[in-house]
Amino acid sequence: EPEVTQTPSHQVTQMGQEVILRCVPISNHLYFYWYRQILGQKVEFLVSFYNNEISEKSEIFDDQFSVERPDGSNFTLKIRSTKLEDSAMYFCASSLFSGNTIYFGEGSWLTVV
Amino acid sequence: AQTVTQSQPEMSVQEAETVTLSCTYDTSESDYYLFWYKQPPSRQMILVIRQEAYKQQNATENRFSVNFQKAAKSFSLKISDSQLGDAAMYFCAYRSARSGNTPLVFGKGTRLSVIA
(Lines give C-alpha, C1' and ligand atoms only; values in the text may rest on other atoms or scores of the structure.)
Protein backbone atom coordinates (compact mmCIF):
# COMPACT_ATOMS: atom_id res chain seq x y z
CA GLU A 1 0.00 0.00 0.00
CA PRO A 2 1.40 3.42 -0.91
CA GLU A 3 2.60 5.46 2.03
CA VAL A 4 4.12 8.77 2.96
CA THR A 5 7.78 8.43 3.87
CA GLN A 6 9.80 10.84 5.98
CA THR A 7 13.47 11.31 6.72
CA PRO A 8 15.17 11.53 9.12
CA SER A 9 13.17 9.63 11.70
CA HIS A 10 15.04 11.43 14.46
CA GLN A 11 17.35 14.44 14.40
CA VAL A 12 19.16 16.24 17.19
CA THR A 13 20.33 19.75 16.40
CA GLN A 14 21.91 22.68 18.18
CA MET A 15 19.79 25.74 18.84
CA GLY A 16 20.21 28.24 16.01
CA GLN A 17 21.03 25.64 13.39
CA GLU A 18 19.05 25.11 10.21
CA VAL A 19 17.13 21.88 9.80
CA ILE A 20 15.53 20.35 6.73
CA LEU A 21 12.97 17.63 7.13
CA ARG A 22 12.20 15.59 4.05
CA CYS A 23 9.08 13.86 2.87
CA VAL A 24 8.02 11.79 -0.10
CA PRO A 25 4.23 12.03 -0.38
CA ILE A 26 2.12 9.30 -1.95
CA SER A 27 2.96 9.45 -5.62
CA ASN A 28 -0.36 10.49 -7.18
CA HIS A 29 -1.36 12.86 -4.38
CA LEU A 30 -1.64 16.55 -5.16
CA TYR A 31 -1.99 18.16 -1.72
CA PHE A 32 0.74 18.19 0.89
CA TYR A 33 0.87 19.18 4.53
CA TRP A 34 3.10 19.57 7.53
CA TYR A 35 1.80 19.12 11.05
CA ARG A 36 3.66 19.06 14.33
CA GLN A 37 3.07 17.52 17.71
CA ILE A 38 4.91 18.74 20.76
CA LEU A 39 5.37 15.90 23.24
CA GLY A 40 2.17 15.27 25.15
CA GLN A 41 0.13 17.74 23.16
CA LYS A 42 -2.26 17.57 20.26
CA VAL A 43 -1.34 17.58 16.61
CA GLU A 44 -1.20 21.09 15.16
CA PHE A 45 -1.44 22.21 11.55
CA LEU A 46 1.53 24.10 10.15
CA VAL A 47 1.04 24.49 6.41
CA SER A 48 -0.65 23.10 3.33
CA PHE A 49 0.76 23.15 -0.18
CA TYR A 50 -0.77 22.73 -3.62
CA ASN A 51 0.37 23.49 -7.13
CA ASN A 52 3.78 24.63 -5.93
CA GLU A 53 2.52 27.19 -3.51
CA ILE A 54 1.31 27.49 0.03
CA SER A 55 -2.49 27.15 0.32
CA GLU A 56 -2.90 27.83 4.01
CA LYS A 57 -0.63 28.30 6.97
CA SER A 58 -1.14 28.59 10.69
CA GLU A 59 0.16 31.17 13.13
CA ILE A 60 2.91 28.74 14.05
CA PHE A 61 4.31 28.86 10.53
CA ASP A 62 6.26 32.09 10.86
CA ASP A 63 9.18 33.44 8.86
CA GLN A 64 11.61 30.87 10.19
CA PHE A 65 9.68 28.10 8.45
CA SER A 66 9.57 27.42 4.73
CA VAL A 67 8.40 24.60 2.49
CA GLU A 68 9.53 23.53 -0.91
CA ARG A 69 8.87 20.91 -3.50
CA PRO A 70 12.30 20.83 -5.14
CA ASP A 71 11.47 18.05 -7.58
CA GLY A 72 8.57 15.83 -8.56
CA SER A 73 8.69 13.65 -5.50
CA ASN A 74 10.12 15.43 -2.45
CA PHE A 75 8.42 17.91 -0.14
CA THR A 76 10.60 19.60 2.45
CA LEU A 77 10.16 21.65 5.59
CA LYS A 78 13.01 23.97 6.52
CA ILE A 79 13.45 25.58 9.89
CA ARG A 80 15.98 28.35 9.48
CA SER A 81 17.20 28.95 13.01
CA THR A 82 15.90 26.35 15.42
CA LYS A 83 14.71 27.19 18.91
CA LEU A 84 14.25 24.92 21.90
CA GLU A 85 10.49 25.14 21.49
CA ASP A 86 10.74 23.70 17.98
CA SER A 87 11.40 20.30 19.54
CA ALA A 88 8.50 18.18 18.37
CA MET A 89 7.40 15.39 16.09
CA TYR A 90 6.86 16.76 12.60
CA PHE A 91 4.41 14.90 10.42
CA CYS A 92 4.25 15.16 6.67
CA ALA A 93 0.95 14.22 5.07
CA SER A 94 -0.69 14.12 1.67
CA SER A 95 -4.09 13.73 0.08
CA LEU A 96 -5.29 13.07 -3.44
CA PHE A 97 -7.83 15.87 -3.53
CA SER A 98 -8.53 18.72 -1.16
CA GLY A 99 -11.48 16.95 0.45
CA ASN A 100 -9.94 13.53 0.59
CA THR A 101 -8.54 11.70 3.53
CA ILE A 102 -5.14 12.93 4.64
CA TYR A 103 -2.52 10.23 5.05
CA PHE A 104 0.36 10.76 7.43
CA GLY A 105 3.96 9.70 7.41
CA GLU A 106 5.66 8.16 10.41
CA GLY A 107 7.01 11.49 11.57
CA SER A 108 10.39 13.09 12.11
CA TRP A 109 11.27 13.62 15.73
CA LEU A 110 13.28 16.84 16.11
CA THR A 111 15.17 17.56 19.30
CA VAL A 112 16.74 21.00 19.68
CA VAL A 113 19.42 21.25 22.36
CA ALA B 1 -12.90 28.70 14.06
CA GLN B 2 -13.68 25.05 14.46
CA THR B 3 -12.79 23.22 17.66
CA VAL B 4 -12.71 19.55 18.57
CA THR B 5 -13.13 18.36 22.14
CA GLN B 6 -12.27 14.95 23.52
CA SER B 7 -13.44 14.93 27.11
CA GLN B 8 -11.81 11.64 28.12
CA PRO B 9 -8.03 11.98 28.53
CA GLU B 10 -7.74 8.28 29.36
CA MET B 11 -9.89 5.19 28.97
CA SER B 12 -9.35 1.51 29.60
CA VAL B 13 -11.09 -1.60 28.38
CA GLN B 14 -10.79 -5.30 29.00
CA GLU B 15 -9.64 -7.38 26.09
CA ALA B 16 -12.59 -8.59 23.98
CA GLU B 17 -14.89 -5.96 25.47
CA THR B 18 -16.35 -2.86 23.81
CA VAL B 19 -15.33 0.72 24.48
CA THR B 20 -16.66 4.05 23.24
CA LEU B 21 -14.51 7.16 22.89
CA SER B 22 -16.27 10.52 22.86
CA CYS B 23 -15.74 13.48 20.59
CA THR B 24 -17.68 16.70 20.13
CA TYR B 25 -16.94 19.52 17.77
CA ASP B 26 -18.04 23.04 17.15
CA THR B 27 -18.63 24.43 13.69
CA SER B 28 -21.00 26.70 11.80
CA GLU B 29 -20.46 24.80 8.59
CA SER B 30 -22.88 22.23 7.23
CA ASP B 31 -20.48 20.25 5.09
CA TYR B 32 -17.38 18.70 6.57
CA TYR B 33 -15.53 15.48 7.29
CA LEU B 34 -14.76 13.79 10.57
CA PHE B 35 -11.97 11.34 11.28
CA TRP B 36 -10.55 9.15 13.97
CA TYR B 37 -6.80 8.62 13.90
CA LYS B 38 -4.87 6.15 16.03
CA GLN B 39 -1.38 6.90 17.32
CA PRO B 40 0.38 3.86 18.80
CA PRO B 41 3.62 4.16 20.81
CA SER B 42 5.52 4.33 17.51
CA ARG B 43 3.79 7.75 17.15
CA GLN B 44 2.70 7.14 13.58
CA MET B 45 -0.73 8.62 12.78
CA ILE B 46 -2.96 5.90 11.35
CA LEU B 47 -6.41 6.56 9.91
CA VAL B 48 -9.06 4.49 11.65
CA ILE B 49 -12.31 5.72 10.15
CA ARG B 50 -13.83 8.61 8.21
CA GLN B 51 -17.33 10.09 8.11
CA GLU B 52 -18.79 12.56 5.62
CA ALA B 53 -21.23 14.96 7.28
CA TYR B 54 -23.74 14.69 4.45
CA LYS B 55 -24.09 10.95 5.02
CA GLN B 56 -26.65 9.89 7.60
CA GLN B 57 -25.35 6.36 7.78
CA ASN B 58 -22.67 5.79 10.40
CA ALA B 59 -19.33 4.65 9.05
CA THR B 60 -18.01 1.23 10.01
CA GLU B 61 -14.64 -0.38 9.46
CA ASN B 62 -14.42 -3.93 10.77
CA ARG B 63 -14.42 -3.66 14.60
CA PHE B 64 -14.57 0.13 14.50
CA SER B 65 -17.77 2.09 14.11
CA VAL B 66 -18.92 5.60 14.79
CA ASN B 67 -22.05 7.19 16.18
CA PHE B 68 -22.41 10.43 14.25
CA GLN B 69 -25.00 12.81 15.64
CA LYS B 70 -24.88 15.88 13.41
CA ALA B 71 -27.40 17.96 15.31
CA ALA B 72 -25.59 17.33 18.56
CA LYS B 73 -22.18 17.73 16.87
CA SER B 74 -21.05 14.48 18.35
CA PHE B 75 -18.82 11.83 16.77
CA SER B 76 -18.00 8.91 19.04
CA LEU B 77 -15.88 5.90 18.16
CA LYS B 78 -16.87 2.42 19.24
CA ILE B 79 -14.27 -0.34 19.31
CA SER B 80 -15.74 -3.81 19.56
CA ASP B 81 -13.89 -6.95 20.61
CA SER B 82 -10.96 -4.88 21.84
CA GLN B 83 -7.50 -6.26 21.19
CA LEU B 84 -4.16 -5.54 22.82
CA GLY B 85 -3.04 -3.90 19.60
CA ASP B 86 -5.78 -1.32 19.95
CA ALA B 87 -3.90 0.32 22.82
CA ALA B 88 -2.95 3.75 21.55
CA MET B 89 -3.76 7.42 21.60
CA TYR B 90 -6.90 8.16 19.61
CA PHE B 91 -7.45 11.55 18.02
CA CYS B 92 -10.71 12.87 16.68
CA ALA B 93 -10.31 15.35 13.82
CA TYR B 94 -12.46 17.72 11.80
CA ARG B 95 -11.93 18.94 8.27
CA SER B 96 -13.98 21.56 6.47
CA ALA B 97 -15.35 20.60 3.07
CA ARG B 98 -15.12 24.15 1.74
CA SER B 99 -12.99 24.59 -1.35
CA GLY B 100 -9.30 24.87 -0.84
CA ASN B 101 -6.73 22.90 1.03
CA THR B 102 -8.37 22.91 4.43
CA PRO B 103 -6.41 21.60 7.40
CA LEU B 104 -7.37 18.97 9.92
CA VAL B 105 -8.29 20.26 13.36
CA PHE B 106 -7.48 17.74 16.06
CA GLY B 107 -8.74 17.13 19.54
CA LYS B 108 -6.34 16.57 22.42
CA GLY B 109 -6.68 12.81 22.23
CA THR B 110 -7.80 9.93 24.41
CA ARG B 111 -5.26 7.40 25.61
CA LEU B 112 -6.78 3.92 25.44
CA SER B 113 -5.36 1.08 27.50
CA VAL B 114 -6.37 -2.52 26.84
CA ILE B 115 -6.20 -4.86 29.79
CA ALA B 116 -5.46 -8.52 29.14
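These remarks concern the structure in this document. (Residues numbered from 1 in each chain as written. Chains lettered and ligands numbered in written order. Predicted model: local features only at pLDDT ≥ 70, side-chain atom pairs only at ≥ 80, totals over all residues. Heavy atoms only, no water.)

In this section: the overall build of chain B. Along its length, chain B carries zero helices and 12 strands. Its helices and strands in sequence order give chain B the pattern β-β-β-β-β-β-β-β-β-β-β-β, from N to C terminus. Taken against the 2.2 N^0.38 rule, which gives 13 Å for 116 residues, the C-alpha radius of gyration of chain B at 14 Å falls within 12% of a compact globule. With 116 residues in all, chain B has 48% of them scored as buried. Restricting to contacts in chain B with at least 6 residues of sequence separation, those with at least 24 account for 55%. Entry remark: accessible area of chain B is about 5600 Å², with carbon and sulfur atoms responsible for 46%. Charge centroids of chain B, computed over 12 positive and 10 negative side chains, lie 7 Å from each other. (Helix = DSSP H or I, 4+ residues; strand = E, 2+ residues; numbered from the N terminus. Rg over C-alpha atoms; globule rule 2.2 N^0.38 Å. Buried < 20%, exposed > 50% of the residue type's maximum accessible area, 1.4 Å probe, protein only. Contact = heavy atoms within 4.5 Å. Areas by Shrake-Rupley, 256 points an atom, 1.4 Å probe, with all protein chains shown as cover. Lys, Arg positive; Asp, Glu negative; His and termini not counted. Charge placed at Lys NZ, Arg CZ, Asp CG, Glu CD.)

Now for the state of the cysteines. Every disulfide links exactly two cysteines, by a covalent bond between their sulfur atoms. Counted under the stated rule, the structure contains two disulfides over all chains. For Cys23(A), the disulfide goes to Cys92(A), at an S-S distance of 1.9 Å. Linking Cys23(A) and Cys92(A), the disulfide has an S-S dihedral of approximately -70° and is accordingly described as left-handed. Taken together, the positions of Cys23(A) in strand 3 (residues 19-24) and Cys92(A) in strand 9 (residues 88-95) put the pair 69 residues apart, joining distant regions of the chain. Put simply, Cys23(B) and Cys92(B) are joined by a disulfide, and their sulfur atoms are 2.0 Å apart. (Disulfide = S-S within 2.5 Å.)

Turning our attention to the pairing of strand 10 (residues 88-96) of chain B. All names here are of chain B. In terms of residue burial, strand 10 counts as a mostly covered element, since nine of its nine residues are buried. Across eight bridges, the pairing between strand 5 (residues 32-39) and strand 10 is antiparallel. What sits directly across from Trp36, in strand 10, is Cys92. (Pairing = 2+ DSSP bridges.)

The next thing to look at is the sheet that holds strand 8 (residues 75-79) of chain A. Residues and elements named next belong to chain A. Here four strands make up an open sheet; going across it, the order is 1-3-8-7 and the pairing antiparallel. A strand with exactly one partner marks an edge of an open sheet, and here the two such strands are strand 1 (5-7) and strand 7 (65-68). Here the average twist between neighbouring strands, direction ignored, is 20°. Bridge analysis of strand 7 against strand 8 gives four bridges, and the strand direction is antiparallel. Directly across from Phe65, in strand 8, lies its bridge partner Ile79. (Axes fitted to C-alpha atoms, helices over the stretch in contact; angles between N-to-C directions.)

What follows covers the nonpolar core. Counting residues in each nonpolar core, the largest one holds 25 residues, and the members touching the most others are Tyr25(B), Trp36(B), Phe75(B), Leu77(B) and Tyr90(B). Mapped by element, the contributors of at least two residues to this core are strand 3 (19-21), strand 5, strand 6 (46-52), strand 8 (64-69), strand 9 (74-79), strand 10 and strand 12 (110-115) of chain B. The biggest single contributor to this core is strand 10 of chain B, with four residues. Excluding anything up to four places from it in sequence, Tyr90(B) contacts Gln6(B), Leu21(B), Trp36(B), Tyr37(B), Lys38(B), Val48(B), Phe64(B), Leu77(B), Ile79(B), Gly109(B), Thr110(B) and Leu112(B). Counting 21 residues, the second largest nonpolar core, distinct from the first, contains Val4(A), Leu21(A), Ile79(A) and Leu110(A). (Core = buried A, V, L, I, M, F, W, Y, C linked by side-chain atoms within 4.5 Å.)

Taken as a whole and judged by the stated rule, the model has 20 aromatic pairs over all chains. With 5.5 Å between their ring centres and 40° between their planes, Phe32(A) and Phe75(A) make a pair best called tilted. Of this pair, Phe32(A) sits in strand 4 (residues 31-37) while Phe75(A) sits in strand 8, placing them 43 residues apart in sequence. Each member of the pair Phe32(A) and Phe75(A) is classed as buried. Counting every residue linked through ring pairs, the aromatic cluster contains Tyr33(A), Tyr35(A), Phe45(A), Phe91(A), Phe104(A), Phe35(B), Tyr37(B), Phe91(B) and Phe106(B). (Phe/Tyr/Trp six-rings, centres within 6.5 Å; stacked < 30°, edge-to-face > 60°.)

Note that all results are geometric; they support no functional claim without further evidence.
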